[in-house]
Amino acid sequence: MGHTNNPVCIKDLEPIAKSAMPSGAWGYYDSGAHDEQTKFDNMNAFDNYRLHPRMLRDVSQINTATTVLGRTVRTPLGIAPCAMHKLAHPEGEAATSRAASRHGSIMILSTYSTTSLEKVIAEGSGDTQYWMQLYVYQDRSVSEKIVKRAEKAGFSAIVLTVDAPVLGLRLVDARNKFKPPPHLHLENFMDPEVVNGANGYVADHAKSASETFGATFGANGDQSLSWENGISWLKSITKLPIIVKGILTAEDTKLAIAHGCAAVIVSNHGGRQLDGALSTIDALPQVVDAAGDAIEVYMDGGIRRGSDIFKALALGARAVFVARPVLWGLAYQGEKGVHYALELLQKELELTMTLAGTTCIEEIDESYVYQPASRWVRYAPRGKSAAGADQKLRLVAKL
């Protein structure tokens, strides 16, 4: 890196994390699908948006508090779900949870956590919101058990991932022949009385993360899951609000509203599923337009700077979530490193707000963002009128 000081931005954390992890684990976390076009677009697309700052405003007091699903959070920056945190640090999701609690926002826990959901939420505080990420399997009783456990443990929302009916083609993992190390276990698939018992459990008697992942994902995922048969089923087994993660279009946003979802997360799985999909910051405006006041909109993907957060908020996201920066911090210094990474982004957000002339989240709107010179355009299918095809994907704001 050319220096020995502490990292001063998220970009500095990345090579530190890479050097701290085995190559297979790093590849699993860092890789995108296929040629990784969407993974890199997620980051690079932010550079197409420019800020429109205002001067001579009283910015002596900056407040980043906002509300998400009706609850106040210190900041709109939360932690996105990511599998197997123990690949980055022995304390895994427990360390991440403690850092999230100090940060004062939201942590979305992956179904494929290497720490049980009960242990994770026990490390937090009442001021932190915990949401449970969910996949739906052909044997829906597997998913239902996780939902029931999450509800009982105190999680406040279910985040249904909808962009992974099958696993994307991740060439790095294929080349590495990556499998999670045998000492790791996906504890949300284990008997909670055993995994959370005072005496722990005998590792030799539990399936490894690799075995569990193989037995639940891929061919065992429910590829028949649809708006019609999925959301109604989920609503029948839980009273928790349902957030749909993986939305990139106005059409699906309207369907989420029609089926009674509480919110959507604009996400392309960190570029790990359909390569060539629109970057999340470019997809955000059409989702926000379609959502109106009917549903809350959040976003993840590509956020590496506080100014990225500011741009997403200006384009209508109510909150944003990060995964890879959290993992880099975890590999760097465990709980301390996660909190360090989150605070780097938080301080950069506050700095951007100050220099742009805003003092609170409510003031950040589309008037603070310039639109790119060019736009993505979606053409009408043959035989359909342009007016009925929702032609143009508007990328940014009006000046």
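Since this is a predicted model, take the numbers as computed values, not measurements. (Residues numbered from 1 in each chain as written. Predicted model: local features only at pLDDT ≥ 70, side-chain atom pairs only at ≥ 80, totals over all residues. Heavy atoms only, no water.)

S.K.: How would you explain the nonpolar core if you had to name every residue and give the values?
M.R.: Counting 96 residues, the largest nonpolar core has M21, Y29, L234, I281, L284 and M299 as its most contacted members. A total of 14 residues in this core trace back to one element, the largest contributor, which is helix α14 (residues 324–356). Once residues lying within four places of it in the same chain are set aside, the contact partners of M299 are F46, I265, V266, T280, I281, L284, A312, A317, A319, V320 and F321. Counting residues in hydrophobic clusters, the runner-up holds 14 residues, among them V73, I106, I108 and V159. (Core = buried A, V, L, I, M, F, W, Y, C linked by side-chain atoms within 4.5 Å. Buried < 20%, exposed > 50% of the residue type's maximum accessible area, 1.4 Å probe, protein only. Helix = DSSP H or I, 4+ residues; strand = E, 2+ residues; numbered from the N terminus. Contact = heavy atoms within 4.5 Å.)

S.K.: Can you tell me about the pairing of strand β5 (residues 106–109), naming the residues and giving the values?
M.R.: In β5, alternate side chains face the same way, and those of I106 and I108 on one face and M107 and L109 on the other are all buried. Relative to strand β6 (residues 129–134), β5 runs parallel, the two sharing four bridges. Following the sheet pairing, I106 is matched in β6 by Q129. Between the parallel pair β5 and β6, the chain is carried across by helix α5 (residues 117–122), and the sense of this crossover is right-handed. (Pairing = 2+ DSSP bridges. Right-handed = clockwise from strand over helix to strand, strands pointing away.)

S.K.: Give a description of helix α13 (residues 306–314) that names residues and reports values.
M.R.: Of all the nine residues making up α13, nine are buried; the element is thus mostly covered by neighbouring parts of the structure. Every buried residue of α13 is listed here: G306, S307, D308, I309, F310, K311, A312, L313 and A314. Looking at the residues trailing α13, positive phi occurs at G316, about 115°.

S.K.: I'd like a rundown of the side chain of H85, residues and numbers included.
M.R.: Residue position: H85 is located in the loop between β4 (77–79) and α4 (92–103). We classify H85 as buried; its relative accessible area is 3%. In contact with H85, other than residues within four places in its own chain, are Y29, G92, E93, T96, T114, L327 and L330.

S.K.: Explain the packing of aromatic side chains residue by residue, including any values.
M.R.: Describing an aromatic ring pair means giving the distance of the ring centres and the angle of the ring planes. The final tally for this structure, using the stated rule, is twelve aromatic pairs. Seen in terms of ring centroids, W131 and Y298 are 5.7 Å apart; in terms of plane orientation they differ by 35°. Their pairing is tilted. Of this pair, W131 sits in strand β6 while Y298 sits in strand β10 (residues 296–300), placing them 167 residues apart in sequence. Assessed through its relative accessible area of 0%, Y298 is described here as buried. Look at F310 and Y368: their rings are 6.1 Å apart centre to centre, the planes differ by 90°, and that puts the pair in the edge-to-face class. Within this pair, whereas F310 is found in helix α13, its partner Y368 is found in the loop between α14 and β12 (369–370), the two being separated by 58 residues in sequence. Taken as a pair, F310 and Y368 share a single burial class, namely buried. (Phe/Tyr/Trp six-rings, centres within 6.5 Å; stacked < 30°, edge-to-face > 60°.)

S.K.: So what about the pattern of salt bridges? Which residues, and what values?
M.R.: If you walk through the whole model with that rule in mind, you get 14 salt bridges. Its salt-bridge partner being D222, residue R140 comes within 2.9 Å of it at the nearest N-O pair. Residue R140 is located in helix α6 (residues 140–153), and its partner D222 is located in the loop between α9 (209–216) and α10 (227–237); the two are separated by 82 residues in the primary sequence. Both residues of the pair, R140 and D222, count as buried. When salt bridges with common partners are traced through the structure, they connect E91, R98, R102, E123 and E335 into a single cluster. (Salt bridge = Lys/Arg side-chain N within 4 Å of Asp/Glu carboxyl O.)

S.K.: Lay out unusual backbone geometry with the relevant residues and their values.
M.R.: Although it is not a glycine, L56 adopts a positive phi angle of roughly 55°. You can call L56 exposed: its relative accessible area is 92%. With phi around 55°, M84 is a residue other than glycine that occupies positive phi space. Tracing the sequence through the fold places M84 in the loop between β4 and α4.

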